[in-house]
Amino acid sequence: MSTARKLKLMASVSNSLSFKHGLSLWCPQSPSLHRIRHSSARNFQRRGFVVAYSSFANENREFVIVGGGNAAGYAARTFVEHGMADGRLCIVSKEAYAPYERPALTKGYLFPLDKKPARLPGFHTCVGSGGERQTPEWYKEKGIEMIYQDPVTSIDIEKQTLTTNSGKLLKYGSLIVATGCTASRFPDKIGGNLPGVHYIRDVADADALISSLEKAKKVVVVGGGYIGMEVAAAAVGWKLDTTIIFPENHLLQRLFTPSLAQRYEQLYQLNGVKFVKGASIKNLEAGSDGRVAAVKLEDGSTIDADTIVIGIGAKPTASPFERVGLNSSVGGIQVDGQFRTSMPGIFAIGDVAAFPLKMYDRIARVEHVDHARRSAQHCVKALLSAQTHTYDYLPYFYSRVFEYEGSPRKVWWQFFGDNVGETIEIGNFDPKIATFWIDSGKLKGVLVESGSPEEFQLLPTLARSQPFVDKAKLQQASSVEEALEIARAALPVEAAV
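Residues numbered from 1 in each chain as written. Predicted model: local features only at pLDDT ≥ 70, side-chain atom pairs only at ≥ 80, totals over all residues. Heavy atoms only, no water.

(A) Just the pattern of salt bridges, in detail. Applying the stated criterion across every chain, the model contains 23 salt bridges. When the shortest N-O distance is used, the salt bridge between D370 and R374 registers 3.0 Å. With D370 and R374 both in helix α9 (residues 369-384), this residue pair falls four residues apart, about one helical turn. By relative accessible area, D370 is classed as buried at 9%. Residue classification places R374 among the partly exposed residues on the basis of a relative accessible area of 46%. (Salt bridge = Lys/Arg side-chain N within 4 Å of Asp/Glu carboxyl O. Helix = DSSP H or I, 4+ residues; strand = E, 2+ residues; numbered from the N terminus. Buried < 20%, exposed > 50% of the residue type's maximum accessible area, 1.4 Å probe, protein only.)

(B) Representation of the pairing of strand β7 (residues 174-177) within the structure. Burial along β7 is two-sided: the residues S174 and I176 and L175 and V177 are all buried. Bridge count for strand β1 (residues 63-66) against β7 is four bridges, and the pairing is parallel. Paired with F63 across the two strands is S174, which belongs to β7. Here three bridges tie β7 to strand β19 (residues 346-348), and the two strands are oriented parallel to one another. Paired with I176 across the two strands is F347, which belongs to β19. (Pairing = 2+ DSSP bridges.)

(C) Up close: the sheet that holds strand β10 (residues 218-222). The parallel open sheet is built from five strands, whose spatial order is β9-β16-β10-β11-β12. In this open sheet, the two edge strands, each paired with only one partner strand, are β9 (197-198) and β12 (274-276). Two strands pair when backbone bridges link them, and β10 and strand β11 (residues 241-245) are joined in this way by five bridges, in the parallel orientation. The residue bridging V222 from the neighbouring strand is I245, located in β11.

(D) The arrangement of unusual backbone geometry in detail. T125 connects to C126 through a cis peptide bond whose omega is 15 degrees. Position of C126 relative to the elements: it lies in the loop between β2 (89-92) and α5 (136-141). D430 connects to P431 through a cis peptide bond whose omega is 0 degrees. Note that P431 resides in the loop between β24 (422-426) and β25 (433-439). In this structure, D361 is a non-glycine residue whose phi angle is positive, near 55 degrees.

(E) Looking closely at the confidence of the model for the chain. For the chain, per-residue confidence averages 90 on the pLDDT scale, and 89% of positions sit at 70 or higher. Overall, residues 2-52 carries pLDDT values under 50, and its contacts beyond four positions in sequence, including any with other chains, amount to 78 contacts. (pLDDT = per-residue confidence, 0-100. Contact = heavy atoms within 4.5 Å.)

In structure tokens, the structure reads:
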């Protein structure tokens, strides 16, 4: 960086942080405490950005994002949209790639090689929401400094510095923690790290799994949630003997009703997938070559497998940021409705953030790409502008499976809202089905399989408005289309679509 550009950058940093962004950087505190912290922050800015410029590894220090996933990519786009990225923003990632749309890893990325699988750079953020594809070249063009394959291992909050795994010392003015989650793993002592055992969280994980699938004959998927269902569907595309094992009574128990789960289980069974429900795993067994060879259950039975995929959830990656304040009930880093932590100038977004779920009046941590995108945008807008409204997120989940070429039945469902109360199921799954959750007469949540674009568009309006519905009338609906029209008619006039 030239001396002229450094001087220009230092001047802009000093002015922008001291005046334009000072109010949006800090959590509400008592007036006296706020004044003390704000004053010390201004002193830091004069120290940190004017002296010893070459003593830190990053040139862009006004804003630093730790983490290189979905949230980081959408945050970067928002910085660019506000004209605050060039020469100011640095992203530090443990991955070798620029941020990408992570859901692809258990969907299109796992398609058989002859069925047009997704590959980078095709799914860099922000293509998942219809935005520009932000390749590594895009970050360079926008003046965003990228540090790859070098995760942050420690933070000095008082000095506002970070240390990476390679020993780099990084300086920040405002810090956004977007570290996401790590896959929950089986302990080594029960075979959790044997060759042939896979976890999926990044491109390297998915590449390793594909290498195994190319040689596999028998695949066991452990876990009946999103990951388990999507990986099993991909294995079907590879024409592999596939078994799903989980301890619950049915698939996706935290969302699906028993009746709805049965429909999906039957579809998987028609595709040759076997289920072992209500099972506890004792250990994974190795063969003579050291690779995994079987799953041993607590009841003493074994299931042969040369490839095992563990999909039993994930844990928020809060380390090394524990000191900024963790939530003991839902995990992750506690933030307010602007994604500010308890430490001035430090924010957390995406999977790692425990935030107020305003419409349901509870603290939540949401592991979903939609929240990663929206939380990133909301946080950066709050940081860079006068935006003060609280994040008002509507829970949304979806899955798309069996979408590869030649599949006789593609599956795509969407859910919005809260799955509380009693349920009404409409439709025969040929191809449509809808489930409505009703609590105290109000429609709280709705799931639709194989809906039209217009039907999917209606769902968030229904879930956010929570209209009172005629339960008896809804139960008598002869089709998903009729049921949705009944729900639409119940909307207040201002919310009707």
